[in-house]
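So you can see what is in the structure, the chains are spelled out below.
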Amino acid sequence: MSDEYVTSETNLPPHPEQEEISIQITDRETKEIFSTRARVSRDREDLADPDPLIVVKGPHENTEEQWFIDILETDIESESVDRNVLESVMEETESDPTVINTRSEEVKTLLRYLVETGQYSSVSQASRTIMFEYLSDAHPDLVDEYVDLKVKREQRELTGSDGDGS
C-alpha cells in the first residue's frame, strides 16, 4: 500500500478529529478501497504515525483538503451485505411509494419541534436527514454497497448496457 489515502467528506462522521473512527479509504496508488479503524486530523502533530489523507468534498467531489490519518486496524470485520437482497429491495422500492410512516406520536412531535425551531425546513427533510445519518453511522457497509449499486445501475441506464459485464 502507498502512504497516501483518499476519502470522501461524506465518509467522515460529524466530529472525526475527536475519536477513533471506522472509515472507508482508497489507497491513492493502487486504487484499493478498504475499511479501517483510524484516527484522522487536519494537523499532523495530533497523530502518532500520520500518513497523508486527501478528503474530497463538494457537490462533485472536486475540492481536495489535506488531512492526515493514523491507521490503527485494517480489514476490520464488518457485517456482510447480501448484495442480491439489496438489489431485490432496490428494484421493489422503485415502484413503491416513497412514504415511510412511523405511526409514532413521539417521533412526529420531536421532528415537528426540529422544524418549528428552524433546524429543518420540513418534517420530511428532518426524517430523511436523521435516518440517513443514522444509517451511515450504524451501517456504513450497507450504505456503501447501496451507493455502489445505485451508481452502477445509473451507469447501465445511461449507457444502455444490460449489466452483463459490458
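The structure reproduced in this document is the subject of the present report. Note that the structure is a prediction, hence the values are computed from the model and not measured. (Residues numbered from 1 in each chain as written. Predicted model: local features only at pLDDT ≥ 70, side-chain atom pairs only at ≥ 80, totals over all residues. Heavy atoms only, no water.)

### Here's the deal with the layout of surface pockets
By volume, the second largest pocket amounts to about 1200 Å³. Residue assignment for the lining of the second largest pocket shows that the elements contributing at least two residues are helix 1 (83–95), helix 2 (105–116), helix 3 (123–138) and helix 4 (140–159). The dominant element in the lining of the second largest pocket, judged by the number of residues it contributes, is helix 3, at eight residues. When the residues that make up the lining of the second largest pocket are grouped by side-chain class, the tally is 16 nonpolar, seven polar and eight charged. (1 Å grid on protein atoms, 1.4 Å probe; cavity = no way out; pocket = protein on both sides within 12 Å on 5 of 7 lines; lining within 4 Å. Points joined across faces, edges and corners; volume = space filled by probe spheres on them. Helix = DSSP H or I, 4+ residues; strand = E, 2+ residues; numbered from the N terminus. Nonpolar A, V, L, I, M, F, W, Y, C, P; charged D, E, K, R; others polar.)

### Structural notes on the nonpolar core
Ranked by size, the top nonpolar core spans 12 residues in total: Tyr-5, Leu-12, Ile-21, Ile-23, Ile-25, Phe-34, Ala-38, Val-40, Leu-53, Val-55, Trp-67 and Ile-69. Every element with two or more residues in this core is listed here: strand 2 (21–27), strand 3 (33–41), strand 4 (51–57) and strand 5 (63–74). (Core = buried A, V, L, I, M, F, W, Y, C linked by side-chain atoms within 4.5 Å. Buried < 20%, exposed > 50% of the residue type's maximum accessible area, 1.4 Å probe, protein only.)

### Some points on the pattern of salt bridges
Pairing is possible between side chains that carry opposite charge, provided their charged atoms lie close to one another. This model, assessed by the stated rule, comprises 11 salt bridges. Between Glu-4 and Arg-28 there is a salt bridge, with the nearest N and O atoms lying 3.5 Å from each other. Note that Glu-4 is positioned in the segment before strand 1 (5–8) and Arg-28 in the loop between strand 2 and strand 3, a separation of 24 residues in sequence. Its relative accessible area of 30% is what places Arg-28 among the partly exposed residues. Here the salt bridges do not stand alone but share partners, grouping Glu-9, Glu-17, Arg-42, Lys-57 and Glu-65 into one network. (Salt bridge = Lys/Arg side-chain N within 4 Å of Asp/Glu carboxyl O.)

### Points about the side chain of Thr-36
Checked against the element boundaries, Thr-36 lands in strand 3. On the accessibility criterion, Thr-36 (0% relative accessible area) is buried. In terms of polar contacts, Thr-36 uses its side chain to reach the backbone carbonyl oxygen of Glu-73, at 2.5 Å. (Polar contact = N/O pair within 3.5 Å; in protein donor to acceptor, adjacent residues only side chain to side chain.)

### Thoughts on helix 4
With 20 residues, helix 4 extends 28 Å from end C-alpha to end C-alpha; this agrees with the ideal 28 Å at 1.5 Å per step. Summarising the contacts, the buried residues of helix 4 are in contact with strand 3, helix 1 and helix 3. Following helix 4 by one or two positions, Gly-160 has its phi on the positive side, about 75 degrees. (Expected span 1.5 Å × (residues − 1). Contact = heavy atoms within 4.5 Å.)

### Examining the packing of aromatic side chains
One pass over the full model with this rule turns up one aromatic pair. Ring geometry for Tyr-5 and Phe-34: centres 6.2 Å apart, planes at 85 degrees, overall edge-to-face. With Tyr-5 in strand 1 and Phe-34 in strand 3, the pair connects residues that are 29 residues apart, well separated along the chain. The exposure class assigned to Tyr-5 is buried, which follows from its relative accessible area of 4%. (Phe/Tyr/Trp six-rings, centres within 6.5 Å; stacked < 30°, edge-to-face > 60°.)

### Focus: a nonpolar patch on the surface
A cluster of nonpolar side chains, contributed by Tyr-146, Val-147 and Val-151, occupies part of the molecular surface with about 230 Å² of accessible area. Here Val-147 is to be found in helix 4. Of the residues examined, Val-147 reaches a relative accessible area of 41% and is grouped as partly exposed. (Patch = residues over 30% accessible without salt bridge, like charges linked within 9 Å, V, L, I, M, F, W, Y side chains within 5 Å. Areas by Shrake-Rupley, 256 points an atom, 1.4 Å probe, with all protein chains shown as cover.)

### Here we look at the sheet that holds strand 4
Paired through backbone hydrogen bonds, the strands of a sheet run either parallel or antiparallel to each other. Spatially, 1-2-3-5-4 is the arrangement adopted by the five strands of the closed barrel, whose pairing is mixed. The sheet shows a mean angle of 55 degrees between the axes of neighbouring strands, taken without regard to direction. The sheet contact formed by strand 2 and strand 3 spans six bridges and is antiparallel. Counterpart to Ile-23 in the pairing with strand 3 is Thr-36. (Pairing = 2+ DSSP bridges. Axes fitted to C-alpha atoms, helices over the stretch in contact; angles between N-to-C directions.)

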